[in-house]
Amino acid sequence: MSNVAVLQGWADRTAPLETCADALEGAPPEEILRWAIDRYADRLTFATGFGAEGCVLIDLIGRHRLPIDLFTLDTGVLFPETRDLWRRLEARYGLTIRGVRPQPGPGADSGASLDPAERLWERDPDGCCARRKVFPLAAELRRVDAWITAIRRDQTPQRADAPVVGWDAKFGIAKVNPLVTWTSRDVWRYLRARDVPYNPLHDRGYPSVGCWPCTSPVRPGEDARAGRWRGTAKTECGLHGSAVPLEEAPAT
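Nothing here was measured: the structure is a model prediction, and the numbers come from that model.

The next thing to look at is the pairing of strand β6 (residues 173-176). Here strand β4 (residues 146-148) runs beside β6; their pairing, made up of 3 bridges, is parallel. By the bridge assignment, Ala-146 is partnered in β6 with Ala-174. Bridge count between strand β5 (residues 165-168) and β6: 4 bridges; the pairing is antiparallel. Each residue of the ladder has a partner; that of Trp-167, found in β6, is Ala-174. Between the antiparallel neighbours β5 and β6 lie 4 residues, among them Gly-172 with a positive phi of about 70 degrees.

Given below as structure tokens:
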């Protein structure tokens, strides 16, 4: 009997996350997703940014009709190609991916600074990410006990030690990373073998796609995330780090 099989049933819901992480290490993503459903049921959600890895997980959820809530952070400054992919994925798999809009955040009056014309990302990139991504995500995650992400260990140094499943101290819930052991090659082999829709920007020199003001093409020889917040020391939006104090996040 596999380690994952041992976690099924009642033991699955009570085993320490460290034990679960050890048992799930190297397991296929679909098996990890099914484990998460068994443990957390309808208190589970998947936040996708429609990256290549996210498309893999959407394909798994859609093809196997897994009962997992899906949403995306509709920042107001997504690439048109990203919005088109959003609709194509919904149509392909017959599912709904909820759009969660930005929140003004503490001290903001009308939220006018989130108007693209105000170009908040130039004056305060961390504050821009907080209001467009981190605060809305925190509000959504208050509704659940666990969230699924599409991060991989080899993406950034900050993610190098990410477990398959663990406790997310920032949001106070469990965090499930079904693709954490995969490489970029694994991701693209999967997408092409199953003809999964993906963002056409990936074919135009954008290996990592975020909001259009803060994403640029990557030149040959550069790191895959070199196009994110180019020219700054910023490497993460704050969703998988601890840059923004969540006690400031407005409640829904």
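With that settled, consider helix α6 (residues 80-93). Under the 1.5 Å per step criterion, the end-to-end length of α6 is 20 Å for 14 residues, consistent within 8% with the ideal 20 Å. Residues Thr-82, Leu-85, Trp-86, Leu-89, Glu-90 and Tyr-93 constitute the buried set of α6. Viewed along the axis of α6, the buried residues span an arc of 135 degrees, placing them on a single side of the element. The exposed set on the far side of α6, more than 90 degrees from its buried face, consists of Pro-80 and Ala-91. One or two positions beyond α6, positive phi appears at Gly-94, with a value near 65 degrees.

With mixed pairing, 6 strands are arranged side by side in an open sheet as β3-β2-β1-β4-β6-β5. Each of the sheet's edge strands pairs with one partner strand only, and the pair in question is β3 (98-100) and β5. For this sheet, the mean inter-axis angle between neighbouring strands, taken without regard to orientation, is 35 degrees. As defined by bridge partners, strand β1 (residues 44-47) adjoins β4 across 3 bridges and the pair is classed as parallel. Opposite Thr-45, over in β4, you have Trp-147 as the bridge partner. Sitting on the sheet, helix α4 (residues 29-40) touches β1, β4, β5 and β6, and the angle it makes with β6 is about 160 degrees.

Structurally, Arg-88 can be placed in helix α6. Between the C-alpha atoms of Arg-88 and Pro-197, which are 109 residues apart in sequence, the distance is 7.3 Å. Once residues within four sequence positions are removed from consideration, Arg-88 is found in contact with Pro-197, Tyr-198 and Pro-200. Here the side chain of Arg-88 touches Tyr-198 through a polar contact of 3.2 Å, landing on its backbone oxygen.

Here we come to the nonpolar core. Core analysis: the biggest nonpolar cluster contains 48 residues, and Trp-35, Ile-58 and Ile-68 have the highest contact counts within it. Elements supplying a minimum of two residues to this core: α3 (17-24), α4, β1, α5 (52-63), α6, β4, β6 and α9 (184-193). Per-element accounting of this core gives the leading share, 7 residues, to α5. Ignoring sequence-local partners within four residues, the contact set of Ile-68 consists of Leu-33, Ile-37, Leu-44, Thr-45, Phe-46, Ile-61 and Ile-148. Grouped together as the second largest cluster of nonpolar side chains are 11 residues, Phe-71, Leu-73, Val-100 and Leu-137 included.

Definitions and cut-offs
- Residues numbered from 1 in each chain as written.
- Predicted model: local features only at pLDDT ≥ 70, side-chain atom pairs only at ≥ 80, totals over all residues.
- Heavy atoms only, no water.
- Pairing = 2+ DSSP bridges.
- Helix = DSSP H or I, 4+ residues; strand = E, 2+ residues; numbered from the N terminus.
- Expected span 1.5 Å × (residues − 1).
- Buried < 20%, exposed > 50% of the residue type's maximum accessible area, 1.4 Å probe, protein only.
- Arc of directions from axis to C-beta.
- Axes fitted to C-alpha atoms, helices over the stretch in contact; angles between N-to-C directions.
- Contact = heavy atoms within 4.5 Å.
- Polar contact = N/O pair within 3.5 Å; in protein donor to acceptor, adjacent residues only side chain to side chain.
- Core = buried A, V, L, I, M, F, W, Y, C linked by side-chain atoms within 4.5 Å.

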